[in-house]
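For reference, the chains in residue letters:
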Amino acid sequence: MITNAMTIDVEDYFQVQNLAAQVPRASWDGIAPRVEANTDRILAQFDRAGVQATFFTLGWIAQRHPALIRRIVAAGHELASHGWEHIRADAQTPGEFAADISRARATLEDIGGVPVSGYRAATFSIGARNQWAFDELVRAGYRYSSSVYPVRHDLYGMPDAPRTPFRPNGGALWELPMTTVRLAGQNFPCSGGGYFRLLPYAAFRRLLARLNDSEGQPGIFYTHPWEIDPGQPRVAGLPRLARFRHYVNLHRTAPRLDALLRDFAWDRMDRVFADLLVPAPAPAKTAVAGA
Ligand SMILES: [Zn+2]
């Protein structure tokens, strides 16, 4: 049985790109947070299932909820970075991006007390136009990224990207792309998020099983704490598509996640992809003259 990677993008309901026009960043500190209670519910689901996962966490969240970060680490999960405050990688200059990912990693490591080696860009915003982002991730100390979605979508996607792990720009970093399956000659998203709420569970399970069985590849699943929270306040003034994307079937996510945890084997990103992420061998020691 193939072990798949279970991941959570730790952000609050009002921080998603889809609501950005209605909820400006400057208003965030005035909104009652729900991320801590929702993440605790997910932690309890993982605990009952005996599953450890990777939590791609905003630095902004870690700074305001340090006890939550320590609970994630204490339960044996992998702490990873989702950047500082959910600004798209492709909306930043290389310098701004470098500062964002370094600040997030340092804050997470400081609060969590563990090394952070993984990164996921807000809204899968690394694509053909900003391949320089991978070089900045290497410079900031990351060992892998899970930021490319090889699909066509209005908000993200790099349809021509490899569907399996690859080393961008020939560098040391691994990109572990979001999961797709081939359907009718196209890449179809099979990684979770809104599609997990939209599709019937049996259909999603079939697609993931097909990836495991016929391609022999692990899948990468993701969801958000807000996706298990049907009681979250409704944001007013959303266009119809944004409203549908955010609110469809929120009540189904938690029970479906329980089913997914039961029907497949799961683990943290750094363990599922451990064969790729082994540290490069240390350079041979050379005698230093006069030492
Ligand atoms: Zn996000």
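In the block above lies the structure referred to throughout.
These notes cover the structure that comes with them. Counting from 1, residues in each chain are numbered in the order their sequence is written. Given that this is a predicted model, residues contribute local features only at a pLDDT of at least 70 and side-chain atom pairs are listed and counted only at 80 or more, while totals for whole chains, interfaces and linings are drawn from all residues. Only hydrogens and water are set aside; all other atoms, that is, all heavy atoms of the structure, feed into the side-chain values.

1. Observations regarding unusual backbone geometry
Argument step 1. For Phe 124, which is not a glycine, the phi torsion comes out positive at approximately 45 degrees.
Argument step 2. Position of Phe 124 relative to the elements: it lies in the loop between strand E4 (118–119) and helix H5 (132–139). Here a strand is any run of E in DSSP of at least two residues, a helix any run of H or I of at least four, and the numbering for each starts at the N terminus.

2. Concerning the packing of aromatic side chains
Argument step 1. Each pair of aromatic rings taken from Phe, Tyr and Trp, with Trp reduced to its six-membered ring, is defined by centres within 6.5 Å and is described as stacked if the planes are under 30 degrees apart, edge-to-face if over 60, and tilted in the remaining cases. This model, assessed by the stated rule, comprises 19 aromatic pairs.
Argument step 2. Residues Phe 97 and Tyr 119 carry aromatic rings whose centres are separated by 5.8 Å and whose planes lie at 80 degrees to one another, so their mutual orientation is edge-to-face. Within this pair, whereas Phe 97 is found in helix H4 (residues 94–112), its partner Tyr 119 is found in strand E4, the two being separated by 22 residues in sequence.
Argument step 3. The exposure class of Tyr 119 is buried, given its relative accessible area of 2%.
Argument step 4. The rings of Phe 196, Tyr 201, Phe 204, Phe 221, Phe 264 and Trp 266 are connected pair by pair, giving a single aromatic cluster.
Argument step 5. Charge-over-ring placement is defined geometrically: NZ (Lys) or CZ (Arg) within 6 Å of the ring centre, and within 35 degrees of the ring normal. Over the ring of Trp 60 we find Arg 64; its NZ or CZ atom is 3.8 Å from the centre of that ring.
Argument step 6. Above the face of the Tyr 142 ring, Arg 105 is positioned so that its terminal group lies 5.7 Å from the ring centre. Burial here depends on accessible area, computed with a 1.4 Å probe over protein chains only, as a share of the maximum for the residue type. Under 20% is buried, over 50% is exposed, and the range in between is partly exposed.

3. Observations regarding helix H7 (residues 201–215)
Argument step 1. Spanning 15 residues, H7 covers 21 Å between terminal C-alpha atoms, matching the ideal 21 Å at 1.5 Å per step.
Argument step 2. Buried within H7 we find Tyr 201, Ala 203, Phe 204, Leu 207, Leu 208, Leu 211 and Asn 212.
Argument step 3. Where H7 terminates, the next one or two residues include Gly 216, which has phi positive at roughly 65 degrees. The length a helix should cover is 1.5 Å for every residue beyond the first.

4. A word on the nonpolar core
Where a protein is soluble and globular, its nonpolar side chains tend to be buried together.
Argument step 1. Definition of nonpolar core: a set of buried residues of the types Ala, Val, Leu, Ile, Met, Phe, Trp, Tyr and Cys, connected through side-chain atoms within 4.5 Å. Counting 68 residues, the largest nonpolar core has Phe 46 and Leu 260 as its most contacted members.
Argument step 2. Element by element, the count of residues in this core is highest for helix H9 (residues 250–263), at six residues.
Argument step 3. By definition in these notes, contact holds between two residues if any of their heavy atoms fall within 4.5 Å. Non-local contacts of Phe 46, meaning those with residues more than four positions away in its chain, are made with Met 6, Ile 8, Val 51, Ala 53, Phe 55, His 77, Leu 257 and Leu 261.
Argument step 4. In terms of nonpolar packing, the next biggest core, distinct from the first, is built from 17 residues, Ala 80, Val 151, Met 269 and Leu 277 among them.

5. Let's talk about the coordination of the zinc ion
Argument step 1. Sites may look incomplete, because water is not among the atoms used; the donor set itself consists of N, O and S atoms within 2.8 Å of the metal (3.2 Å for Na, K and Ca). In the first shell of the zinc ion, the protein supplies Glu 11 (OE), His 82 (NE2) and His 86 (NE2), at 2.0 to 2.1 Å from the metal.
Argument step 2. Sequence spacing among the residues donating to the zinc ion works out to E-x70-H-x3-H. Taken together, the positions of Glu 11 in the loop between strand E1 (3–10) and helix H1 (35–49) and His 86 in the loop between strand E3 (78–81) and H4 put the pair 75 residues apart, joining distant regions of the chain. For the pair Glu 11 and His 86, a shared accessibility class is recorded, and that class is buried.

6. Remarks on the environment of Gly 76
Argument step 1. Tracing the backbone shows Gly 76 in the loop between helix H3 (66–74) and E3.
Argument step 2. For Gly 76, a relative accessible area of 19% translates into the label buried.
Argument step 3. In the structure, Gly 76 is positioned 22 residues away from Thr 54 in sequence and 9.6 Å away in space, judged by C-alpha atoms.
Argument step 4. If sequence neighbours within four positions are ignored, Gly 76 has contacts with Gln 52 and Arg 268.

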